[in-house]
Amino acid sequence: MWTRKASFTFTGGIALILIGMMIANLQMMILGLTFIAFIVVNSWISGHGDVEVQRTLSADNLYKGDDLYVELLVTNRSNRNTQLLEVYDNIPHEMKLRSGLNQMRLNLKPGESARIRYVLRCPLRGHFSIGPVSLRSRNTFNLGVDEMYVDHHSDIVIFPQIKEVEEAFLRSRTPKMYTGATTLRTPGQGSEFYSLREYVPGDPFKNINWKAFARTGDLMVNEKCRDAVTDLYILLDSRDIARIGTVLKNPLEMGTVSAASLAAFFLKRRDSVALAIFDDSLAYLPPDTGDKQYFKILSALAGVSPKGTMPLQAVTNSLSGRFSRGSPVFIISSCEGDGTVPAAVRDLVGRGHEVTVLSPSSIDFERLVSRIPRMSYEVLKLERQNRLTTLAGSGAMVIDWMPDMDLSQALMQVRGY
Amino acid sequence: MLEDLNLNYRRIGLQAAFWSVMLVLLLSILINFVNVTNTNQLSAYDDDWNDMSAFRQDIKDMGIQTNSLVSSPLLLADIEDPRNTTYILAGVERDTLSLPQFDSDGFITIAAEDGYSPSEIDAIVEFVDAGGTALILDDYGFAGSIAQAYGVRYTGYQLFDTTYVQELDYNYIWMCVQATPCGMNGSSIDPDTISVHERWSGASGEGAHPCKLMNGQSMPLEDAGLCAHHWNNGEISYNATYQMLLNNITALELIPGVNGALSEVSIRAVTSNEATVDVNGDGEIWVGNEVNSETPDLWGQFNLSIEACARKSCDPGEGGRIVFMADGSALINAIYDYEGFNDPNNPLYGTNECVTNNTKCIPENDNRKWALDFIAEALMSSKIGEEGQPSENAVVIFDESRHPQNALFADTYNTVYFLLVYFTGEGLAMLLLFLGLFIAFEAVLIKKRDPEPWRHVFSIIYYGFGDANRYTYYAKSDKIRQVFLSKVRNQNGLSREEFHAMPARELVSLINDPVLAKFAIEPGKYSLEQTVAVVKRIKAWGRT
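Below, the structure is looked at part by part. (Residues numbered from 1 in each chain as written. Chains lettered and ligands numbered in written order. Predicted model: local features only at pLDDT ≥ 70, side-chain atom pairs only at ≥ 80, totals over all residues. Heavy atoms only, no water.)

1. Overview of the overall build of chain A
Across its full length, chain A holds 10 helices and 20 strands. By the compact-globule yardstick of 22 Å for 417 residues, chain A is too spread out, its C-alpha radius of gyration being 32 Å. With the principal axes as the frame, chain A shows a C-alpha extent of 115 × 60 × 35 Å. When each of the 417 residues of chain A is scored for burial, the buried share is 53%. The contacts in chain A between residues at least 6 apart in sequence include a share of 70% that link residues at least 24 apart. Accessible surface for chain A amounts to roughly 19000 Å². Of this, 53% is attributable to carbon and sulfur atoms. On chain A, the mean spot of the 47 positive side-chain charges and the mean spot of the 43 negative ones are 2 Å from each other. (Helix = DSSP H or I, 4+ residues; strand = E, 2+ residues; numbered from the N terminus. Rg over C-alpha atoms; globule rule 2.2 N^0.38 Å. Buried < 20%, exposed > 50% of the residue type's maximum accessible area, 1.4 Å probe, protein only. Contact = heavy atoms within 4.5 Å. Areas by Shrake-Rupley, 256 points an atom, 1.4 Å probe, with all protein chains shown as cover. Lys, Arg positive; Asp, Glu negative; His and termini not counted. Charge placed at Lys NZ, Arg CZ, Asp CG, Glu CD.)

2. Topic: the sheet that holds strand S8 (residues 126-130) of chain A
Strand pairing within a sheet occurs via backbone hydrogen bonds; the two strands may be parallel or antiparallel. All names here are of chain A. Judged by pairing direction, the sheet is mixed, and its three strands sit side by side in the order S2-S11-S8 without closing on themselves. Sheet topology places strand S2 (61-63) and S8 at the edges, where each strand pairs with a single neighbour. Across the sheet, the mean angle separating the axes of adjacent strands is 30° when strand polarity is ignored. In this structure, S8 lies alongside strand S11 (residues 154-159), joined through five bridges in antiparallel fashion. Opposite serine 129, over in S11, you have aspartate 155 as the bridge partner. Packing of helix H5 (residues 290-302) onto the sheet brings it into contact with S2, S8 and S11, and relative to S11 it is tilted by some 100°. (Pairing = 2+ DSSP bridges. Axes fitted to C-alpha atoms, helices over the stretch in contact; angles between N-to-C directions.)

3. Here we look at the packing of helix H1 (residues 4-22) of chain A against helix H12 (residues 427-447) of chain B
To describe two helices that pack against each other, one gives the angle between their axes and the distance between the axes. Two numbers describe how H1 of chain A lies on H12 of chain B: the axes approach to 10 Å, and their chain directions differ by 170°. Put simply, H1 of chain A runs roughly antiparallel to H12 of chain B. In this structure, H1 of chain A contributes Arg4, Ser7, Phe8, Thr11, Gly12, Ala15, Leu18, Ile19 and Met22 of chain A to the contact, and H12 of chain B contributes Met430, Leu433, Phe434, Leu437, Ala440, Phe441, Val444, Leu445 and Ile446 of chain B. Its residues assigned to classes, the contact of H1 of chain A with H12 of chain B shows 14 nonpolar, three polar and one charged. (Parallel < 35°, antiparallel > 145°, perpendicular 65-115°, else oblique. Nonpolar A, V, L, I, M, F, W, Y, C, P; charged D, E, K, R; others polar.)

4. Overview of a nonpolar patch on the surface
Judged by side-chain polarity, Phe18, Trp19, Val21, Met22 and Leu25 of chain B come together as a nonpolar surface patch covering roughly 520 Å² of accessible area. Positionally, valine 21 of chain B belongs in helix H1 (residues 2-30). (Patch = residues over 30% accessible without salt bridge, like charges linked within 9 Å, V, L, I, M, F, W, Y side chains within 5 Å. Salt bridge = Lys/Arg side-chain N within 4 Å of Asp/Glu carboxyl O.)

5. Comments concerning unusual backbone geometry
Residue and element names in this part refer to chain A. Look at the link from glycine 131 to proline 132: it is a cis peptide, with omega at 0°. One non-glycine residue, cysteine 335, lies in the positive phi region at around 65°. Mapped onto the fold, cysteine 335 is located in the loop between strand S18 (328-332) and helix H7 (341-350). According to the relative accessible area criterion, cysteine 335 is buried, its value standing at 1%.

6. Re the state of the cysteines
All names here are of chain B. On inspection of all chains with the given rule, the structure shows four disulfides over all chains. Two residues share a disulfide in this structure: cysteine 211 and cysteine 227, whose sulfurs sit 1.9 Å from each other. Given an S-S torsion of about -95°, the disulfide between cysteine 211 and cysteine 227 has left-handed geometry. On the criterion of sequence distance, the pair formed by cysteine 211 in helix H5 (residues 210-213) and cysteine 227 in the loop between helix H6 (221-224) and strand S11 (231-232) is long-range, its members being 16 residues apart. Pair check on accessibility: cysteine 211 and cysteine 227 agree, each one buried. Disulfide partners in chain B, listed by the sequence order of the bonded cysteines, are 1-2, 3-4, 5-6, 7-8. (Disulfide = S-S within 2.5 Å.)

7. Digging into the environment of isoleucine 460 of chain B
Tracing the chain through its elements places isoleucine 460 of chain B in the loop between H12 and helix H13 (468-473). By relative accessible area, which is 12% here, isoleucine 460 of chain B ends up buried. When sequence neighbours within four positions are dropped, the list of residues in contact with isoleucine 460 of chain B reads Glu94, Pro123, Leu124, Val247 and Leu248 of chain A.

8. Description of the packing of helix H8 (residues 362-369) of chain A against helix H9 (residues 374-393) of chain A
Residue and element names in this part refer to chain A. Two elements in contact, H8 and H9, have axes whose closest approach is 10 Å; the angle formed by their N-to-C orientations is 155°. Between H8 and H9, the crossing angle belongs to the class labelled roughly antiparallel. Within the contact between the two elements, H8 uses Ser362, Ile363, Asp364 and Arg367 and H9 uses Arg374, Tyr377, Leu380, Lys381 and Arg384.

9. A word on the interface of chain B and chain A
Size of an interface, as often reported, equals the accessible area lost when the parts are brought together. Between chain B and chain A, the contact holds 49 residues from the first and 58 residues from the second. The contact between chain B and chain A buries some 4800 Å² in all, and 69% of this surface belongs to carbon and sulfur atoms. The interface formed by chain B and chain A holds four salt bridges in total. A salt bridge links lysine 479 of chain B to glutamate 383 of chain A; the shortest N-O distance between them is 2.9 Å. Our count for the contact surface shared by chain B and chain A stands at 21 residue pairs in polar contact (both at pLDDT 80 or more). (Buried area = accessible area lost by both parts, 1.4 Å probe. Polar contact = N/O pair within 3.5 Å; in protein donor to acceptor, adjacent residues only side chain to side chain.)

Okay, here's the thing in structure tokens:
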């Protein structure tokens, strides 16, 4: 491709030839021809050597908001200099360059290498790809520019952030009640003895082992084996309506954060966690425990995008048969635009599940991006309150989650309903 | 399905019709630039019987350079030595491209004249004014505009004369280059009526032909130079009689009251007094004492050759000259080189009836002698010691710009070349070209951008999702009422059925607020202020 300088030279050459013809000036025509010849000869000298590019990432998977360290190794594999070569690593617009630069101007000798290092911040969850690497070479007089790509991509998955969840708010009301519950060899809430330990302020007095106190003179408390809560089911609403708000703050984004955080919390306690994501179709991860399940859940949540209008009742109808009897069910949904939510919740409660509805307040998310008249906003809020009240009346625990509220703070409301 | 098929056929038909029309239009344009029929004549660079290669070869043999002009006579302005240049135009078979240009008054005009644009005519006139020599041979072509610049007009009607060649037909007419007409004696020209070229013979006292000045000088043939065709038995033997054979001719007129570019205009050849002109072109001659619808044709004596010079002597050193002749084919190979044409053993220009049947042979004529004398006068060196030799820079230019070319796309090449010359020679076109160059520079300056420097842009597209239409819906009293009643129902733990079955009085007591009860039971119009107050009340309702 010609540069501006080349275009000027070419146009100038043509102009000189034509004006030379007009005024019968041979020198002017020769000068014009010289310009044109200069362009032509320059256009023959282009390209660069065979360049090899290798990219190394600090991690393939990371959490939203984390930093990614990237190193690009550029090696000249040809037997000639690269001349002035610009190297640019294409990174997604959703990533922020935190330090370093993703480009460099090089002139590599044969066999020579150069490293480009930079750090990216990843503010959005999702599946991303870094690359290809763009190369731009200029000829000696900067008359021509050649651009090409090295088709080298590095895929990364950005998981949703994991928020701290306090155990107290999520303790099961009926430990070890359900079929399949197992005793775990970890300390926690339960009935079987695990070990003795020293008293720390805050321990209930009823746990103090008075015999041990009498024997040793130190306050000792009994620790119990934790009983498994059994399977936990998380239903995440990823319908199109869940995009209300900004890219960083919307019901779906908060829903993925809460789903990931809850899954992390329960899996850490060695519970089984299942995840169902419903949008235009239903994606279901059966209950399982361990790091593998944790990775599966985070991967599924990383790729969630708002689409479709599947009603909740279709989800519960499809899955309720597979739910372990009496197991807790978390529904993360704004409950907007779906008239089947009360019936679905009532159905689940009727089947004996402990249903918690975590509902990001879509009206307040909408308020972040559009100007809702005050009176309409109040009426919309009233309608939403009615909806949540109906759900609470059905026997579910309902959490009205405001945009500026932290997850643990929102979960405290469980007790309020 | 059937409808779809019909639609498809209709679409294909429409497409075919459209592209057919486009093709026809394209061909109609191309036909102007591509000589599909391959018809060409009067070219100095082709060697058919109707071309002029023999004449050009003779000129080359004289040691004179020959060039062709395929674009436009505008190039004559660039000739450095017009004095030693002869411009020959034989047959103007194509009109010029009508392009805008400045006229003599400085206004913009589109060339409407025959054959040549005003700028081209100006270039020819300026060339002649600068001492150049021009020979214009035409009959029914487009040379009228050049002739008019010198006060001469081609009538454009076919001329018949009694001095025609009986062995051939009435289209072949003898022209004697002399002041008085020659006559016939039987089937040949009466020798008693033959005279000499008025100027070249020296009878007028000045302007004698240079070969006449060398007349009687003994010299070898090699030294005879441009007068070699007058060399005979070791000396120059100049003879100023010219019996030229013309074919299918028209007549020339001096335009009354018009002063041409050159002051000395002389008639060099005329017809007999019994010549006629077929004005209406019906092939028949109807003449009378006056011209009317029944006798539209003309008769009498007409001009066949006119010469215009800067000085009476027509000395090339004192200014240019131009000669008009009423026949475009006076110098074609068949007539000019009649011996080669008639030669049954070695016909140079293909077979003809003379070669095969010994009929319709071209009679002996002086066309070659006249043409070579014309060249000799124009291009002979005036330096002492170079008598008879062509001048150092002698050039003959054949104007091929108005001849259809036989090579495929040659016409296209000529047209492109014409446009190039037009844009670099014509004032208005130069102005347009300057403007175009200026715009091109501006375009490059504005449009042409170097590749943007690479830069990472962190950009998260913020988008909102919401239905602004529903905002007004949620401000309506009916919707507010519905929301309020739902709140009442929820607050009291009633099912829909129970709530709907509830009497109004019981509902009023449940609400326990006269304003809200009225709002719930009596639908009506509420002002904005009232609605705002009601919503505030609903919000507060049930908290205690």
